[in-house]
Amino acid sequence: MKKTFLTKEQVCEIAKTYPTPFHIYDEKGIRENARRLKEAFSWNKGYKEFFAVKATPNPYLMKILREEGIGADCSSMSELLLSEAAGLGEGEIMFSSNETPAGEFTKAKSMGAYINLDDITHIDFLNNECGVPETVCMRFNPGGIYELENGIMDNPGDAKYGCTPDQMVEGYKKLMALGVKNFGIHSFLVSNTIAPDYYPTLARTLFELAVRLKEETGAHISFINLSGGIGIPYRPEENEVDIMAVGQGVKKVFDEVLVPAGLGDVKIFTELGRYMMGPYGALVVKAIHEKHIYKEYIGVDACAVNLMRPAMYRAYHHITVLGKENEPADHVYDVVGSLCENNDKFAIDRALPKIDIGDYLYIHDTGAHGYAMGYNYNGKLKSAELLLREDGSVKLIRRAETTSDYFRTFDFDDLMKPYIK
Ligand SMILES: *Cc1c(COP(=O)(O)O)cnc(C)c1O
């Protein structure tokens, strides 16, 4: 059974100040998980996690992670600015962008971020824009099909990211000629996998490439970034990734491949998003309608604007009816939002206890790629984000959007002025 980090009583209390729907994050869970991850990689002296900001772009959460020694992985100007606001600077930011707009490399460089080039042609783009920094990372794409023990996982040959092996060699040489002293290697091949061999398998691919790059170019390889992709158990029958075993799996490959090649001082970086935050966020909604037609529907006060994953990927998010944790799941519902889109369903044919109007539904695992993916379709507004602190108190870390916010971009003219406060 999946656990909630809030009880019905707590939600009733919180809702007096912050009405549903809201996303809420569990500070204790975030911190404990961050410490476990660091422990798992503590064998590597230079290890650092750079939280993928796109997963949960909230500077208050980024500050908590920063207190745990975690940096940020950015890929846009806004994400760089959020990192700056969270107090992150020199050596604490990866800039893993692609199709990078003009001006963003300059900002990243000025903040002392590690710039990760998605393509060989970006070398000239970067150099023309702001000159190359002393350390540069290049993103790798091995092509073909990427297989793990449990079968085919993904198709990098079809992905827009990264450079071919030969381009990595050529790019390193070009960057060295421009004066770059230290190099990084980055690759992101599989998303949301709970397969325990993902990181170790990816590590072997990247470590072997590092050896080749060192031999063929003489470049000083400073770090290898295993990027994101470690998944979380969204379904109750799935198991959590054993992060200690993953850390040890990477260490084994490190000792086998890098150490004998004289690369034992290479720093391991990660830029996890989902794994850092996913389980420690929930979307709390209220049942406001029930409908009995060809199927049984429960309408809630949120919609895909608040959590797009079910609509977009048919993703499973577990739902707990708060206060009814121990009641039998003897009703089958579609739990739906208010968009004029038939895919706006948080759950389809889900066995749940009998839901009454006014019940609070706790949608699990919305801490990553949850609020962040939201949009404003149908003029729906984005919810507040709250933080459940370690002492049990609740702090507002983003207020709910208002219609005024939604109309703000009409402020160049008088037409909508009465609607913008
Ligand atoms: C999205 C992304 C991540 C984080 O992915 P998760 O699946 O959330 O771990 C890391 N690095 C890059 C470059 C990304 O685009």
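Here we take up the overall build of the chain. On a plain count of helices and strands, the chain comes out with 12 helices and 19 strands. Viewed in the frame of its principal axes, the chain has a C-alpha envelope of about 70 × 55 × 40 Å. For the chain, with 421 residues in total, the buried portion stands at 54%. Long-range contacts, defined here as pairs at least 24 residues apart, represent 69% of the contacts in the chain between residues at least 6 apart. Counting every atom, the chain has about 18,500 Å² of accessible surface; 50% of that belongs to carbon and sulfur. Side-chain charges in the chain split into 47 positive and 60 negative, and the spacing between the mean points of these groups amounts to 3 Å.

Turning our eyes to something else, we now look at helix H1 (residues 8–17). If you check which residues of H1 are buried, you get Val11, Ile14 and Ala15. In an axial view of H1, the angular spread of the buried residues amounts to 100 degrees, which keeps them on one side of the axis. Projecting away from the buried face of H1 at angles above 90 degrees are the exposed residues Glu9, Lys16 and Thr17.

The next point concerns the domain arrangement of the chain. Partitioning the chain into domains gives domain 1 (27–278) and domain 2 (279–410). Its C-alpha centre places domain 1 at a distance of 32 Å from the equivalent point of domain 2. Between domain 1 and domain 2, the residue contacts involve 27 residues of the former and 22 residues of the latter. Around 2,100 Å² of area is buried between domain 1 and domain 2 when both sides are counted, 56% of it from carbon and sulfur atoms. Counting across the domain 1 and domain 2 interface gives one salt bridge. When the shortest N-O distance is used, the salt bridge between glutamate 390 and arginine 31 registers 3.5 Å.

Taken as a whole and assessed by the stated rule, the structure comprises 25 salt bridges. Of the charged contacts in the structure, one is a salt bridge between lysine 295 and aspartate 334, with a shortest N-O distance of 3.1 Å. Of this pair, lysine 295 sits in the loop between strand S12 (281–292) and strand S13 (296–300) while aspartate 334 sits in strand S15 (residues 331–336), and the two are 39 residues apart along the sequence. Of the residues examined, aspartate 334 reaches a relative accessible area of 1% and is grouped as buried. Each member of the salt-bridge network shares a partner with another, and the members are Glu27, Arg31, Arg35, Glu67, Glu68 and Glu390.

This part is about unusual backbone geometry. Note that the residue after threonine 20, namely proline 21, is joined by a cis bond; omega there is 0 degrees. The residue proline 21 is located in the loop between H1 and strand S1 (22–26) in this model. Phi is positive for arginine 314, close to 55 degrees, though the residue is something other than glycine. Within the secondary structure, arginine 314 sits in the loop between helix H11 (309–313) and strand S14 (319–321). Residues other than glycine seldom take positive phi values, yet aspartate 365 does so here, at roughly 60 degrees. Along the chain, aspartate 365 falls in the loop between strand S17 (360–363) and strand S18 (384–388). Exposure remark for aspartate 365: the relative accessible area of 6% places this residue in the buried category.

Moving on to the environment of tyrosine 316. For tyrosine 316, the position within the fold is in the loop between H11 and S14. C-alpha of tyrosine 316 to C-alpha of arginine 235: the two residues are 81 residues apart in sequence and 6.9 Å apart in space. One polar contact links tyrosine 316 to histidine 318, side chain to side chain, over a distance of 2.7 Å.

A word on the site of the ligand. Of all residues adjacent to the ligand, which total 15 residues, the nearest are Lys54, Gly229, Glu271, Arg274 and His369. Interatomic distance of 2.6 Å between a side-chain N/O atom of lysine 54 and an oxygen atom of the ligand. Arginine 274 places a polar main-chain atom, nitrogen or oxygen, 2.8 Å from an oxygen atom of the ligand. In isolation the ligand exposes 390 Å². Once the protein is present, 91% of that is buried. Taken together, the residues of the shell around the ligand break down into three nonpolar, seven polar and five charged.

Within the secondary structure, asparagine 182 sits in strand S9 (residues 182–186). Not counting chain neighbours up to four residues away, the residues in contact with asparagine 182 comprise Glu134, Thr135, Val136, His220 and Ser222.

A separate point is the nonpolar core. Ranked by internal contacts, the top residues of the largest apolar core, which has 85 residues, are Ile185, Phe207 and Ile224. If one sorts the elements of this core by residue count, helix H8 (residues 198–217) sits on top with 10 residues. Here this core spans two domains, since at least three of its residues come from each of domain 1 (27–278) and domain 2 (279–410). Ala287, Val335, Phe346 and Leu352 belong to the second-largest nonpolar core, a separate cluster that totals 17 residues.

Calculation criteria
Residues numbered from 1 in each chain as written. Predicted model: local features only at pLDDT ≥ 70, side-chain atom pairs only at ≥ 80, totals over all residues. Heavy atoms only, no water. Helix = DSSP H or I, 4+ residues; strand = E, 2+ residues; numbered from the N terminus. Buried < 20%, exposed > 50% of the residue type's maximum accessible area, 1.4 Å probe, protein only. Contact = heavy atoms within 4.5 Å. Areas by Shrake-Rupley, 256 points an atom, 1.4 Å probe, with all protein chains shown as cover. Lys, Arg positive; Asp, Glu negative; His and termini not counted. Charge placed at Lys NZ, Arg CZ, Asp CG, Glu CD. Arc of directions from axis to C-beta. Domains from an automatic or database assignment. Buried area = accessible area lost by both parts, 1.4 Å probe. Salt bridge = Lys/Arg side-chain N within 4 Å of Asp/Glu carboxyl O. Polar contact = N/O pair within 3.5 Å; in protein donor to acceptor, adjacent residues only side chain to side chain. Near = heavy atom within 4 Å. Nonpolar A, V, L, I, M, F, W, Y, C, P; charged D, E, K, R; others polar. Core = buried A, V, L, I, M, F, W, Y, C linked by side-chain atoms within 4.5 Å.

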